[in-house]
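Below are the chains, spelled out letter by letter.
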Amino acid sequence: ETVAAPYIQGLADDALVYAQRLGEWISRAPQIEEDMALANVGLDLLGQARVLLTRVGELDGTGRTEDDLAYFRDEREFRNVHLVEQERAGFGFEMARLLTFASYQCELYAALRRSSDPVLAGVAEKALKEVTYHRDHATQWVLRLGDGTEESHRRMQEGLEAVAPYVAELFDDDETARAAAEAGVGVLPSTLRDAALGHVTAVVEEATLTEPGAPRWRSRGGRAGIHSRPMGYLLAEMQHIARSHPGASW
Amino acid sequence: ETVAAPYIQGLADDALVYAQRLGEWISRAPQIEEDMALANVGLDLLGQARVLLTRVGELDGTGRTEDDLAYFRDEREFRNVHLVEQERAGFGFEMARLLTFASYQCELYAALRRSSDPVLAGVAEKALKEVTYHRDHATQWVLRLGDGTEESHRRMQEGLEAVAPYVAELFDDDETARAAAEAGVGVLPSTLRDAALGHVTAVVEEATLTEPGAPRWRSRGGRAGIHSRPMGYLLAEMQHIARSHPGASW
Amino acid sequence: AAESGLFDDLIEADQRIEPRDEMPEAYRQTLIRQIAQHAHSEIIGMQPEGNWITRAPSLRRKAILMAKVQDEAGHGLYLYSAAETLGVDRAELLDRLHSGKQKYSSIFNYPTLTWADCGAIGWLVDGAAIMNQVPLCRCSYGPYARAMIRVCKEESFHQRQGFEILWTLMRGTEEQQEMAQDAANRWWWPSLMMFGPPDTGEAAQGGHTEQSMAWGIKRFSNDDLRQKFVDMMVPQAEKLGLVLPDPELRWNEERGHYDFGPIDWDEFWRVLKGDGPCNAERLTHRRAAHEEGAWVREAATAYAAKQAARERRGSAA
Amino acid sequence: AAESGLFDDLIEADQRIEPRDEMPEAYRQTLIRQIAQHAHSEIIGMQPEGNWITRAPSLRRKAILMAKVQDEAGHGLYLYSAAETLGVDRAELLDRLHSGKQKYSSIFNYPTLTWADCGAIGWLVDGAAIMNQVPLCRCSYGPYARAMIRVCKEESFHQRQGFEILWTLMRGTEEQQEMAQDAANRWWWPSLMMFGPPDTGEAAQGGHTEQSMAWGIKRFSNDDLRQKFVDMMVPQAEKLGLVLPDPELRWNEERGHYDFGPIDWDEFWRVLKGDGPCNAERLTHRRAAHEEGAWVREAATAYAAKQAARERRGSAA
């Protein structure tokens, strides 16, 4: 089962960290309906993260709880991609990020319904509905913003450009993913790429936007615990209270 | 000695928290000379904070070190004024804050040279030179910005307005200050007001700026551990690593 | 012509007034002001707890808190919709909030300093809100009454969650207990102020209470509600093991109620007038979100117009 | 007319060229490029460690770190001044940095992931910098040589501080030891790349090395400096108790040097071309500071002009 734990941890950390970023939007969205929608997406992701982290603690033999894993791991032990840890920026950036991430998660969970790990397969089954909604939500906004006003078109395009360097990492195959795929627990990220990005491309075109060219640089290493500058600050904020009271219950 | 410790803690926390904010400027200042100058001010304040916190730990009978006090106290136990905990904003805001705070500290330390606490008197003697330099530095910038371009005049004026609600709190007399003044350890903040604000007013006028009118609201309660929103995040960032390794040496 | 008589008949019979019914302009304006203020309070009320979403000390609590703040946004939406049935629109009401022309509950001008404040807000603030709101479920204006039924159901859920946060803290470490007690100390008096200034006895002076009561908008006086709240909370505080910060608080056998000490109305008026610890911060935060989102809302409007035009062209073809 | 001969004579005699001396345009341009790149590296180099100022785990370390980053700013200033003696100005050089026309050391495109990275940067990166810079104290161009003397003195202080951070961690908790080892693992190879690509043997191809050596700007080949660095660091690593992440690292009795494994030059070129973990971030951060500060610099210029005019008027009166 040692191949399953680190693989699932990557998925769990993606969901947890993105939920954390979405939590920052609440009370800051462009309209109240959107405060609710982003809270909803965040809650779904947090729910996924909680079940997956609990599963990691069972599988890796440490018996750690979801909270042990969320609050008492250091930056180098987090396995999420860089996309989700980037600072909250404008709404255009957020919708570009959500469209990309949800499109990835749709393909991911669709495939993982056949995981040999029953918990992961169960999460995938339930989460697929959630992330399909997330993808639709982001799709609607990208269409509105791309094909809305001149300003919104420009800002949405900037959002796409800003997200572009973080896309490739979602589909990187690493040792962990290979082993998990081999064992039937996971799926090779590279196999999700065409379908996921196909959806993104279709939306971008319908929205009268332009797909960003190949970025000058691309993020790497999140799955190996190599993170970008915002991650340490995110963890400081997320973990500070829990770490200030070791052993306490809440 | 119990009257001295909480009084000195307020002074120490002001210096510590402002040093923390100034640390955020380094590599973000308008020119390299200013990166150095703000680092310098921050270093002076950090130096003051370290000696004063160490003194608090001696006087309050807990034997806590400077690091115990900086890293292992919670928000409600910090006694700094709200002015210093506000988030880093524009350079105009920072110069308005520094002018105000340094003007206050100049009068404070001038008076505290006669403190009955020999450590506090010693810090005051040394720090008076430092904060006089800080005040001069801020004065020069407020003059340049106020009497520079139209844009800089406007931004500097906005900085003054943004700082205005936090000024009164510096000069609030509370029980702690009264007891410390009574005992000859401290000085009543209200007695520093005219001289400190006199300097600010003179600079504002020379800079062709306008003194902000009475603000609609004013900050209160920092010395009683009632802080504003940014404080918790500041502490999370400052304390996270230290709290992640309780008992470790660095 | 007989319709203005209908309004009085409906009120008399304790029936609901519905949007299409004729109603006195003063009734309409009173309701708009009250419902809007209530909606604004829900929206501004997202901030003090929203402040803790990123720092909640367990994932379970984080999820509960996110859902709670989301509920508050939902309450704001129902209430703005209820106000809209009276002929104003949400954008206009938000403008009044942002310009300071309309108020929100002063309780949200206090800061949330520790995690325990999330418990105290749920327990005390939501508790006081429910006490104020339950009678509004029988308000004479139908849409408001129906919105309140939905809101109250969720609020009582939030109140239990707040109680549970404090319950857990009071059974935790010494630091956690101190945190809970400190939160209770800070939130107790402001929550008593939530019922508004005295509106009975000598202190009451020409408020809206009498008219609102006659119209079936208000059912109890501020002081009655406050007393009910105190009577409800004291035993809960005992159960929690919290000491409420009022040395004069004691059971009065004769009155059959708890006596409590005098409220600092100077503080109340000061905060109401804008000089509270967080007034400026709350409005600045809210305005910033609104202004930063303007381009998004404009885009949505423009897109909807384009879509409608496309559909017209489509059906014309 | 004889002066172009003077330049060669001075170089021949290993004397210093000073700003007013005639010099070949290629010499001037080579120096401008090298000094500017060096200055840029100091300025960009403030970021990776600056990132830890607010989080340093003790106040003493926080103070040392603030002072160190401040020193880097100071080094940047000396170096820009040295470059200015060659007839360019700082604003122009900063523009070249911001537009990507001039580079800075690729080492600063790696992230600082833990506190131990502050130690590893001091120990390895400053160590490599010193190795590169000590020979520059004898550079043929006087102002550069003098700036380097000052810089090197401070850098060696920083290197000791970095060593001391790691020393403390390696004598600390198990987690601290792991943190230090992890930092060494990540910074070792990039620090070897700081000496640049091989410029001797078959691998060297038409670089500037030969000309720079002839001009007395460069004194040792990249490979020689790299070997000296390895030879110096291996015993220090042993003293620290750190395992350097190179299985091929071993003493070669015959050569009298440590052998070490192959360097991943693909990574070097990739990062140099802009695809490193932090290239975009470093430049974005730097540009943002510059752009946000534009109004301040403009104000300073305008104020200085007004003051000068006032003084003229004053002295004319």
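Predicted model, so just to flag it, every value in this text is computed and none were measured.

Secondary structure assignment for chain A yields 11 helices and zero strands. Along chain A, helices and strands appear, N-terminal first, in the series α-α-α-α-α-α-α-α-α-α-α. By the compact-globule yardstick of 18 Å for 250 residues, chain A fits well, its C-alpha radius of gyration being 17 Å. Overall size of chain A, expressed as C-alpha extent along the three principal axes, is 55 × 40 × 35 Å. When the 250 residues of chain A are sorted by exposure, 63% land in the buried category. Across chain A, the fraction of contacts at a sequence separation of at least 24, relative to all contacts at a separation of at least 6, is 79%. A distance of 2 Å separates the average location of the 26 positive side-chain charges in chain A from that of its 40 negative side-chain charges.

Within chain C, the regular secondary structure consists of 13 helices and two strands. In terms of overall dimensions, chain C is globule-like: its C-alpha atoms have a radius of gyration of 22 Å, near the 20 Å expected for 317 residues. By principal-axis analysis of the C-alpha atoms, chain C measures approximately 75 × 50 × 30 Å. For chain C, buried positions account for 57% of its 317 residues.

Quick look at unusual backbone geometry now. In most cases, non-glycine residues show a negative phi, while peptide bonds are predominantly trans. The backbone of Ser27 of chain A shows a phi angle near 85°, a positive value even though the residue is not glycine. For Ser27 of chain A, the location among the structural elements is in the loop between helix H1 (4–23) and helix H2 (32–59).

This part is about helix H8 (residues 174–193) of chain D. Residue and element names in this part refer to chain D. For H8, with 20 residues, the first-to-last C-alpha span of 30 Å sits near the 28 Å given by 1.5 Å per residue. Trp187 marks the point of greatest bend in H8, at about 35°, and the proline Pro190 comes within the next four residues. In terms of burial, H8 is largely enclosed, as 15 of its 20 residues are buried.

A few words on the packing of helix H6 (residues 116–133) of chain D against helix H10 (residues 222–240) of chain D. All names here are of chain D. Where H6 contacts H10, the two axes come as close as 10 Å, and the packing angle between them is 145°. Here the hand of the crossing between H6 and H10 comes out right-handed. Each of Trp123, Leu124, Gly127, Ala128, Met131 and Asn132 in H6 lies in contact with H10, whose residues at this interface are Leu225, Lys228, Phe229, Met232, Met233, Gln236, Ala237 and Leu240. Classifying every residue of the contact of H6 with H10 gives 10 nonpolar, three polar and one charged.

So, on to the nonpolar core. One finds Tyr7 and Tyr109 of chain B together with Tyr27, Trp115, Trp123 and Tyr141 of chain D to be the most contacted residues of the largest nonpolar core, which totals 186 residues. Sort the elements by how many residues they give to this core and helix H5 (residues 91–112) of chain B lands first, with 15 residues. If sequence neighbours within four positions are ignored, Tyr27 of chain D has contacts with Phe7, Ile11, Ile17, Ser140, Tyr141, Trp215 and Ile217 of chain D. Listed in part, the 184 residues of the second largest apolar core include Trp250 of chain A together with Ile44, Ile121 and Tyr258 of chain C.

Right, let's get into the packing of aromatic side chains. This structure, assessed with the given rule, holds 30 aromatic pairs over all chains. Ring geometry for Tyr166 of chain A versus Trp217 of chain A: centroids 5.5 Å apart, planes at 90°, classification edge-to-face. Pair noted here: Tyr166 of chain A is in the loop between helix H7 (150–163) and helix H8 (167–170) and Trp217 of chain A is in the loop between helix H10 (193–206) and helix H11 (230–244), with a separation of 51 residues, a long-range link. An identical accessibility class is assigned to Tyr166 of chain A and Trp217 of chain A; each is buried. Here the aromatic residues Tyr18, Phe101, Tyr104 and Phe171 of chain A are joined through ring pairs into a cluster of three or more. Its guanidinium or amino end placed over the ring of Phe78 of chain B, Arg73 of chain B lies 4.1 Å from that ring's centre, counting from NZ or CZ. Its guanidinium or amino end placed over the ring of Tyr233 of chain B, Arg55 of chain C lies 4.1 Å from that ring's centre, counting from NZ or CZ.

A few words now on the interface of chain C and chain A. Across the contact, 44 residues belong to chain C and 47 residues belong to chain A. Between chain C and chain A, a total of about 4,200 Å² is buried, with carbon and sulfur atoms accounting for 66% of that surface. For the interface between chain C and chain A, the tally reads three salt bridges. We note a salt bridge from Asp147 of chain A to Lys306 of chain C, for which the minimum N-O separation is 3.1 Å. The tally of links between chain C and chain A comes to 17 residue pairs in polar contact (both at pLDDT 80 or more). Looking at which element gives the most residues to the side of chain C that touches chain A, the answer is helix H4 (residues 59–84) of chain C, with 13 residues.

Turning to the interface of chain B and chain C, a few remarks are in order. Contacts between the two partners involve 12 residues from chain B and, on the opposite side, 16 residues from chain C. There are three salt bridges connecting chain B and chain C. Between Glu281 of chain C and Arg229 of chain B there is a salt bridge, with the nearest N and O atoms lying 3.6 Å from each other. Across the chain B-chain C interface, the total number found is five residue pairs in polar contact (both at pLDDT 80 or more). Across the side of chain B that touches chain C, the residue classes break down as three nonpolar, three polar and six charged.

Attention now goes to a negative patch on the surface. A surface patch of like charges, here negative, comprises Glu77 of chain A together with Glu174, Glu175 and Glu178 of chain D. Within the secondary structure, Glu175 of chain D sits in helix H8.

Let us look at the pattern of salt bridges. Residues and elements named next belong to chain D. According to the stated counting rule, one finds 76 salt bridges over all chains in the structure shown. With its nearest N and O atoms 2.5 Å apart, the salt bridge here joins Glu49 to Lys68. Taken together, the residues Glu49 in helix H3 (residues 46–50) and Lys68 in helix H4 (residues 59–84) connect sequence positions 19 residues apart. We classify Glu49 as buried; its relative accessible area is 1%. Glu72 is paired through a salt bridge with Lys68; the nearest N and O atoms lie 3.9 Å apart. Placement of both Glu72 and Lys68 in helix H4 is noted, with a separation of four residues, approximately one turn of the helix.

It is worth spelling out the side chain of Glu130 of chain B at this point. Residue and element names in this part refer to chain B. Here Glu130 lies in helix H6 (residues 118–146). Residue classification places Glu130 among the buried residues on the basis of a relative accessible area of 14%. With residues near it in sequence (within four places) discarded, Glu130 still touches Asp44 and Gln48.

The subject of this paragraph is H2 of chain A. Residue and element names in this part refer to chain A. The terminal C-alpha atoms of H2, which comprises 28 residues, lie 41 Å apart, in line with the 40 Å expected from a rise of 1.5 Å per residue. Most of H2 is tucked away, with 20 of its 28 residues classed as buried. Downstream of H2 by a residue or two, Gly61 has a phi angle that is positive, lying close to 80°.

Further remarks concern the environment of Leu31 of chain C. All names here are of chain C. Position of Leu31 relative to the elements: it lies in helix H2 (residues 25–44). Exposure remark for Leu31: the relative accessible area of 0% places this residue in the buried category. Setting aside its immediate chain neighbours within four residues, Leu31 contacts Ala36, Leu86, Cys139, Tyr141, Tyr144 and Ile217.

Looking at the element boundaries, Gln47 of chain D is found in helix H3. In this structure Gln47 of chain D touches Ser27 of chain B together with Glu281, Arg282, His285 and Arg286 of chain D, once residues within four positions along its chain are discounted.

Time to look at the confidence of the model for chain C. Low-confidence regions, as indicated by low pLDDT, have predicted coordinates that should not be scrutinised in detail. Per-residue pLDDT for chain C averages 94, and the proportion of residues at 70 or more is 96%. At the level of chain-chain contacts, confidence expressed as ipTM amounts to 0.94, with global pTM at 0.95.

All names here are of chain C. Looking at where Leu240 falls in the secondary structure, it is placed in helix H10 (residues 222–240). The sequence separation of Leu240 and Leu166 amounts to 74 residues, and the corresponding C-alpha distance is 7.2 Å. Aside from chain neighbours lying at most four places away, what touches Leu240 is Trp123, Phe163, Leu166, Trp167, Met170 and Arg171.

All right, on to the environment of Tyr166 of chain A then. Residues and elements named next belong to chain A. Judged by relative accessible area, which is 10%, Tyr166 ranks as buried. Along the sequence, Tyr166 and Pro215 sit 49 residues apart, while their C-alpha atoms lie 9.2 Å from each other. At 3.2 Å, the side chain of Tyr166 and the side chain of Gln86 are in polar contact.

Basis of the calculations
- Residues numbered from 1 in each chain as written.
- Chains lettered and ligands numbered in written order.
- Predicted model: local features only at pLDDT ≥ 70, side-chain atom pairs only at ≥ 80, totals over all residues.
- Heavy atoms only, no water.
- Helix = DSSP H or I, 4+ residues; strand = E, 2+ residues; numbered from the N terminus.
- Rg over C-alpha atoms; globule rule 2.2 N^0.38 Å.
- Buried < 20%, exposed > 50% of the residue type's maximum accessible area, 1.4 Å probe, protein only.
- Contact = heavy atoms within 4.5 Å.
- Lys, Arg positive; Asp, Glu negative; His and termini not counted.
- Charge placed at Lys NZ, Arg CZ, Asp CG, Glu CD.
- Expected span 1.5 Å × (residues − 1).
- Bend = angle between axes of the 7 residues up to and from the residue.
- Axes fitted to C-alpha atoms, helices over the stretch in contact; angles between N-to-C directions.
- Left-handed = near helix turned anticlockwise from the far one by under 90°.
- Nonpolar A, V, L, I, M, F, W, Y, C, P; charged D, E, K, R; others polar.
- Core = buried A, V, L, I, M, F, W, Y, C linked by side-chain atoms within 4.5 Å.
- Phe/Tyr/Trp six-rings, centres within 6.5 Å; stacked < 30°, edge-to-face > 60°.
- Lys NZ or Arg CZ within 6 Å of the ring centre and 35° of its normal.
- Buried area = accessible area lost by both parts, 1.4 Å probe.
- Salt bridge = Lys/Arg side-chain N within 4 Å of Asp/Glu carboxyl O.
- Polar contact = N/O pair within 3.5 Å; in protein donor to acceptor, adjacent residues only side chain to side chain.
- Patch = residues over 30% accessible without salt bridge, like charges linked within 9 Å, V, L, I, M, F, W, Y side chains within 5 Å.
- Areas by Shrake-Rupley, 256 points an atom, 1.4 Å probe, with all protein chains shown as cover.
- pLDDT = per-residue confidence, 0-100.

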